[in-house]
Amino acid sequence: DAGVIQSPRHEVTEMGQEVTLRCKPISGHDYLFWYRQTMMRGLELLIYFNNNVPIDDSGMPEDRFSAKMPNASFSTLKIQPSEPRDSAVYFCASSLGGRGEQFFGPGTRLTVL
Amino acid sequence: DQQVKQNSPSLSVQEGRISILNCDYTNSMFDYFLWYKKYPAEGPTFLISISSIKDKNEDGRFTVFLNKSAKHLSLHIVPSQPGDSAVYFCAAVSNTGNQFYFGTGTSLTVIP
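All of these numbers come straight from a predicted model, not from anything done at the bench.

1. A few points about the state of the cysteines
Evaluation of the coordinates by the stated rule reveals two disulfides over all chains. Disulfide partner of C23 of chain A: C92 of chain A, at an S-S distance of 1.8 Å. Every disulfide takes its handedness from the sign of the S-S torsion; for C23 of chain A and C92 of chain A that torsion is -65°, giving left-handed. With C23 of chain A in strand β3 (residues 19-24) and C92 of chain A in strand β9 (residues 88-95), this pair connects stretches of sequence that are 69 residues apart. Neither residue differs from the other here; C23 of chain A and C92 of chain A are each classed as buried. Here C23 of chain B is linked by a disulfide to C90 of chain B, with a sulfur-sulfur distance of 1.9 Å. Residues C23 of chain B and C90 of chain B are joined through a disulfide that is right-handed, its torsion about the S-S bond being 60°.

2. Some thoughts on the sheet that holds strand β8 (residues 74-79) of chain A
All names here are of chain A. Spatially, the four strands line up as an open sheet ordered β1-β3-β8-β7, and their pairing is antiparallel. A strand with exactly one partner marks an edge of an open sheet, and here the two such strands are β1 (5-7) and β7 (65-71). Mean inter-strand twist for the sheet, computed between neighbouring axes without regard to direction, equals 15°. Here β7 pairs with β8 via five bridges, running antiparallel.

3. Let's talk about unusual backbone geometry
P8 of chain A follows S7 of chain A through a cis peptide bond whose omega is -10°. Structurally, P8 of chain A can be placed in the loop between β1 and β2 (10-13). Even without glycine at this site, K71 of chain B takes up a positive phi of about 50°. As for its position among the elements, K71 of chain B is in the loop between β7 (62-67) and β8 (72-77).

4. What about the pattern of salt bridges?
Here the idea is simple: oppositely charged side chains can pair when their charged atoms come close. All names here are of chain A. Tallied over the full model, the rule gives 12 salt bridges over all chains. A salt bridge links R36 to E44, with the nearest nitrogen and oxygen atoms 3.4 Å apart. For R36, a relative accessible area of 10% translates into the label buried. Residue class for E44 comes out buried when judged on its relative accessible area of 14%.

5. Things to note about the packing of aromatic side chains
All told, the structure shown has 16 aromatic pairs over all chains when counted by the stated rule. Both rings, one in Y31 of chain A and one in Y48 of chain A, keep their centres 6.1 Å apart while their planes meet at 25°; by these two values the pair is stacked. In this pair, Y31 of chain A sits in strand β4 (residues 31-38) while Y48 of chain A sits in strand β5 (residues 42-50), placing the two residues 17 residues apart along the sequence. Across the pair, exposure class does not vary: Y31 of chain A and Y48 of chain A are buried alike. Here F33 of chain A and F100 of chain B contribute two aromatic rings whose centre-to-centre distance is 5.0 Å and whose plane-to-plane angle is 80°, an arrangement assigned as edge-to-face. Taken together, the residues F33 of chain A in strand β4 and F100 of chain B in strand β10 (residues 100-102) connect one chain to another. Using a relative accessible area of 5% as the deciding quantity, one classes F100 of chain B as buried. Taken together, the aromatic side chains of Y31, F33, Y35, Y48, F91 and F104 of chain A together with Y36, F46, F100 and F102 of chain B make up a single cluster linked through ring pairs.

6. With respect to the side chain of R64 of chain A
Residue and element names in this part refer to chain A. Mapping R64 onto the fold places it in the loop between β6 (53-56) and β7. With a relative accessible area of 10%, R64 lands in the buried category. Looking at R64, its side chain comes within polar contact range of the main-chain oxygen of P81, at 2.8 Å.

7. What to know about the interface of chain A and chain B
Across the boundary between the two partners, chain A contributes 19 residues, which contact 21 residues of chain B. Of the roughly 1600 Å² buried where chain A meets chain B, counting both sides, 56% is carbon and sulfur surface. At the boundary of chain A with chain B, the tally comes to one salt bridge. With a shortest N-O distance of 2.9 Å, D31 of chain B and R99 of chain A are connected by a salt bridge. Our count for the chain A to chain B interface comes out at four residue pairs in polar contact (both at pLDDT 80 or more). Those elements that provide at least two residues to the side of chain A that touches chain B are β4 and β5 of chain A. When residues of the side of chain A that touches chain B are assigned to their parent elements, the largest contribution, four residues, is made by β5 of chain A. Residues belonging to the side of chain A that touches chain B are distributed by class as follows: nine nonpolar, five polar and five charged.

About the cut-offs
Residues numbered from 1 in each chain as written. Chains lettered and ligands numbered in written order. Predicted model: local features only at pLDDT ≥ 70, side-chain atom pairs only at ≥ 80, totals over all residues. Heavy atoms only, no water. Disulfide = S-S within 2.5 Å. Helix = DSSP H or I, 4+ residues; strand = E, 2+ residues; numbered from the N terminus. Buried < 20%, exposed > 50% of the residue type's maximum accessible area, 1.4 Å probe, protein only. Pairing = 2+ DSSP bridges. Axes fitted to C-alpha atoms, helices over the stretch in contact; angles between N-to-C directions. Salt bridge = Lys/Arg side-chain N within 4 Å of Asp/Glu carboxyl O. Phe/Tyr/Trp six-rings, centres within 6.5 Å; stacked < 30°, edge-to-face > 60°. Polar contact = N/O pair within 3.5 Å; in protein donor to acceptor, adjacent residues only side chain to side chain. Contact = heavy atoms within 4.5 Å. Buried area = accessible area lost by both parts, 1.4 Å probe. Nonpolar A, V, L, I, M, F, W, Y, C, P; charged D, E, K, R; others polar.

Take a look at the structure:
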């Protein structure tokens, strides 16, 4: 298996632009997680899905952030409009069962100028 | 509110010695704990876990200890190797299985 795939690996955009991050989880995994890594807060859970259904989005910082999982093999995290403080590394992870180990993608480094 | 805390941002250890990484949590509903290791430009990878019904779990050079009364866990690496240099995150899962928290990470440097 190729593992969790994220694209793009790097994204540089200007303030106010829409940003879409993409994730393909490991086939057969029923949980998908989106995290943001910052120095101050470490790995911060933004939202997670179980069987494509959003379960907890309490970590989504603002209405500017939205996430979808239209099918078991694809998820997106969208930021619209983006702001400089959104600059961070965003990780997607998937797992089999909610308590199982999570397999992380390589991350997307987002820079908002 | 940080429910999982790693109070040491960094740690340096000589090769061959023991590395001890600490993690504290505040929520008594957490009953499953994991450690992840992260190299630069990569995603975290699972290292070892422990359930609250145990107080110790060992896997090769890695041992995790859990002190439920103190709400504290630690990861011991013996002997430490230069390849262990990475950022280590502890994570906690609630007994309902629907809450997941990671700490801020500890950057370990093993000096050859």
